[in-house]
Amino acid sequence: MLFYSFFKSLVGKDVVIELKNDLSITGTLHSVDQYLNVKLTEVQVLDPEKYPHIQSVTSAFVRGSVIRYIQLPPDDVDTQLLQEATRKEVTQPRKE
């Protein structure tokens, strides 16, 4: 749940998503769900010569299992808050 909460705080920010098939797209994070599926708006392909058929796409839903990386703007990431949340999650007893 830590990553889900973290990505929910980045809704409205511009991100770059690299997929497992080496396609990289950039866009504005519109929503994210508990499976880390992502919806982007204002989508642009970073390598339009290689993927010309995707240039007309303006919004995209990306399944979380096909995402390799999500690049975030460094100014929008509160690393201190993320570290504290990680520590809290590690110290809490697990529910089994």
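Residues numbered from 1 in each chain as written. Predicted model: local features only at pLDDT ≥ 70, side-chain atom pairs only at ≥ 80, totals over all residues. Heavy atoms only, no water.

What to know about the side chain of E18
Position of E18 relative to the elements: it lies in strand β1 (residues 14–19). Engagement of the side chain of E18 in a polar contact is seen with the side chain of R68, the distance being 2.8 Å. Those residues in contact with E18, other than ones at most four positions away along the chain, are L23, S24, I67, R68 and Y69. (Helix = DSSP H or I, 4+ residues; strand = E, 2+ residues; numbered from the N terminus. Polar contact = N/O pair within 3.5 Å; in protein donor to acceptor, adjacent residues only side chain to side chain. Contact = heavy atoms within 4.5 Å.)

Notes on the sheet that holds β1
Within a sheet, each strand pairs with its neighbour through backbone hydrogen bonds, oriented either parallel or antiparallel. Taking strand neighbours across the sheet as the criterion, the five strands line up as β4-β3-β2-β1-β5 in an open arrangement whose pairing is antiparallel. The strands lining the two open edges of the sheet, one partner per strand, are β4 (59–62) and β5 (67–71). Looking at each pair of strands side by side, their axes are set apart by 40 degrees on average, direction ignored. For β1 and β5, the ladder comprises four bridges, and the chain directions are antiparallel. Its bridge partner lying in β5, L19 is registered against I67. (Pairing = 2+ DSSP bridges. Axes fitted to C-alpha atoms, helices over the stretch in contact; angles between N-to-C directions.)

Regarding the UniProt feature "domain: Sm" (unreviewed entry) in the protein chain
According to UniProt, the "domain: Sm" (unreviewed entry) feature falls on residues 2–76. Taken end to end, residues 2–76 is 9% helix and 43% strand, and its first and last C-alpha atoms sit 17 Å apart. (UniProt positions renumbered as here; feature names shortened; annotations may be inferred.)

Overview of the pattern of salt bridges
Going through the model one piece at a time under the given rule, you end up with two salt bridges. Here R68 and E18 are joined by a salt bridge, their closest N and O atoms 2.8 Å apart. Of this pair, R68 sits in strand β5 while E18 sits in strand β1, and the two are 50 residues apart along the sequence. Owing to a relative accessible area of 17%, E18 belongs among the buried residues under this scheme. Here D22 makes a salt bridge to R68, at a shortest N to O gap of 2.8 Å. With D22 in the loop between β1 and β2 (24–32) and R68 in strand β5, the pair connects residues that are 46 residues apart, well separated along the chain. Here R68 falls in the partly exposed class, since its relative accessible area comes to 35%. Several salt bridges share partner residues, and in doing so they unite E18, D22 and R68 into one network. (Salt bridge = Lys/Arg side-chain N within 4 Å of Asp/Glu carboxyl O. Buried < 20%, exposed > 50% of the residue type's maximum accessible area, 1.4 Å probe, protein only.)

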